[in-house]
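Structural features, examined
Take a look at the letters that make up each chain.
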Amino acid sequence: MAEQDRASGCLHGKKQLPAFTWEVRANDRNYHMQFKKKFAFCLTKKKYAGNAIKTAKYNIFTFLPLNLYEQFHRMANVYFVFVILLQTFPEISTLPWYTLLFPLSCLLTIRGLRDLIDDIGRHQSDRNINSRPCEILSGKR
């Protein structure tokens with residue numbers, strides 16, 4: 001069994017090279033440009049995520065689907081839809097189905113508007129934080 005001097009990293013007095021090397025290139029633009037990948041026409045996709053703060057849940061395209069998805073995770077809304085579906089059968093209906101659709105649509109609209117206003121506030125807050133001046137550190141002195 002070989003004895004190794006832990007403090008110096010030597011094996012029987014011989015200098016042992018590490019199994020790998022670690023090289024940090026924090027501010028080397030040319031090195032990091034090679035990690036951008038083209039994925040559609042002239043658009044590029046970065047390998048690394050940006051450092052912009054994003055706390056908003058929705059964007060223009062995802063607001064309606066994601067909001068409806070979140071709304072129908074509440075059991076009360078699923079119950080409303082179930083009752084409306086039952087009211088479509090004339091044998092068991094007590095009211096026309098469209099009279100029950102109005103309260104559900106009002107509820108979904110009010111909650112959707114509340115989420116929209118909250119998300120617009122988040123977008124504005126993100127924009128304010130991301131537009132603050134910052135200090136860029138460079139490796140050269």
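Everything in this summary refers to the structure shown in the same document.

Rules behind the numbers
- Residues numbered from 1 in each chain as written.
- Predicted model: local features only at pLDDT ≥ 70, side-chain atom pairs only at ≥ 80, totals over all residues.
- Heavy atoms only, no water.
- Helix = DSSP H or I, 4+ residues; strand = E, 2+ residues; numbered from the N terminus.
- Expected span 1.5 Å × (residues − 1).
- Buried < 20%, exposed > 50% of the residue type's maximum accessible area, 1.4 Å probe, protein only.
- Arc of directions from axis to C-beta.
- Contact = heavy atoms within 4.5 Å.

On to helix α3 (residues 75-87). The terminal C-alpha atoms of α3, which comprises 13 residues, lie 18 Å apart, in line with the 18 Å expected from a rise of 1.5 Å per residue. Among the residues of α3, those classed as buried are Asn77, Ile84 and Gln87. Viewed along the axis of α3, the buried residues span an arc of 80 degrees, placing them on a single side of the element. Residues of α3 that are exposed and angled more than 90 degrees away from the buried face: Met75, Tyr79 and Leu85. Where α3 is buried, its residues contact α2 (63-71) and α4 (97-130).

Below, the discussion takes up the side chain of Gln71. Note that Gln71 resides in helix α2. The buried category is assigned to Gln71, whose relative accessible area is 1%. Excluding residues that lie within four positions of it along the chain, Gln71 makes contacts with Asn77, Leu108, Arg111, Gly112 and Asp115.

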